[in-house]
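Residues per chain, in single letters:
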Amino acid sequence: FMGLSALRYLHLSGNKLTTLTNNTFIDLTYLYTLDLSNNKFTKLIPNTFMGLTSLYRIKLNDNKLTDITNAFTGLINLQELDLSNNKLTDVTNTFTGLTELYKIELSNNELTNVTNTFTGLLDLAYLYLNNNNLTDVTNTFTGLINLYTLDLSYNELTDVTNTFTGLTKLTY
């Protein structure tokens, strides 16, 4: 993508892409939306999206992702992240430093635990965790003062005590 620094929207969905290097998008400094949905990705290497400081939205839904460790480092303006319909089992520390995140879609994965996963995401308003294998979410959402929508349907929850404490803006 060298020489395409003015590119704002890149849609590569519905292909058979399997890998990305950590310099694939290095020159796309004004990229706003990146759609990589419906591909064959299983892993994102650390710093895959390094340099995409203007990126607002990433769509990685409908892949086969199992590992996304440190893939989103440096995305200081990222507000929407769609990781639904993958094979993720662990997203611990995935969102560290992504303080502008407004919407996270993690539905239809294989998550069992999301404790401390969303700490510091004060702007988070929409969180979709439906259709996973979550068994306990006690105190998981503490501090998410702007959370408006939280979907926990179709999990393995047995107790929701203290789950919604402090979520005064929650409407759904």
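Predicted model only: the values in this text are computed from it and were never measured.

Caption draft 1: Representation of the overall build of the chain. Scanning the chain from N- to C-terminus turns up zero helices and seven strands. When its helices and strands are written in sequence order, the chain yields β-β-β-β-β-β-β. Relative to a compact globule of 172 residues, whose C-alpha radius of gyration would be 16 Å, the chain shows 16 Å and is just as compact. Projected onto its principal axes, the C-alpha coordinates of the chain cover approximately 55 × 25 × 25 Å. Relative to its full complement of 172 residues, the chain shows a buried share of 40%. Separation of charge centres in the chain, based on 10 positive and 15 negative side chains, amounts to 9 Å.

Caption draft 2: Quick peek at the nonpolar core. Formed by 44 residues in total, the largest nonpolar core has its most connected members in F49, F72, F95, F118 and L129. Apart from residues lying up to four places away in sequence, F49 is in contact with L20, F25, L34, L36, L44, I58, L60, A71, F72 and L75.

Caption draft 3: Structural detail: the packing of aromatic side chains. Applying the stated criterion across every chain, the model contains nine aromatic pairs. An angle of 65° between the planes, with centres 5.4 Å apart, marks the rings of Y102 and Y126 as edge-to-face. Of this pair, Y102 sits in the loop between β4 (80-82) and β5 (103-105) while Y126 sits in strand β6 (residues 126-128), and the two are 24 residues apart along the sequence. Note on Y102: relative accessible area 34%, which makes it partly exposed. Cluster of aromatic residues (ring-pair linked, three or more members): F1, F25, F49 and F72.

Conventions used here
Residues numbered from 1 in each chain as written. Predicted model: local features only at pLDDT ≥ 70, side-chain atom pairs only at ≥ 80, totals over all residues. Heavy atoms only, no water. Helix = DSSP H or I, 4+ residues; strand = E, 2+ residues; numbered from the N terminus. Rg over C-alpha atoms; globule rule 2.2 N^0.38 Å. Buried < 20%, exposed > 50% of the residue type's maximum accessible area, 1.4 Å probe, protein only. Lys, Arg positive; Asp, Glu negative; His and termini not counted. Charge placed at Lys NZ, Arg CZ, Asp CG, Glu CD. Core = buried A, V, L, I, M, F, W, Y, C linked by side-chain atoms within 4.5 Å. Contact = heavy atoms within 4.5 Å. Phe/Tyr/Trp six-rings, centres within 6.5 Å; stacked < 30°, edge-to-face > 60°.

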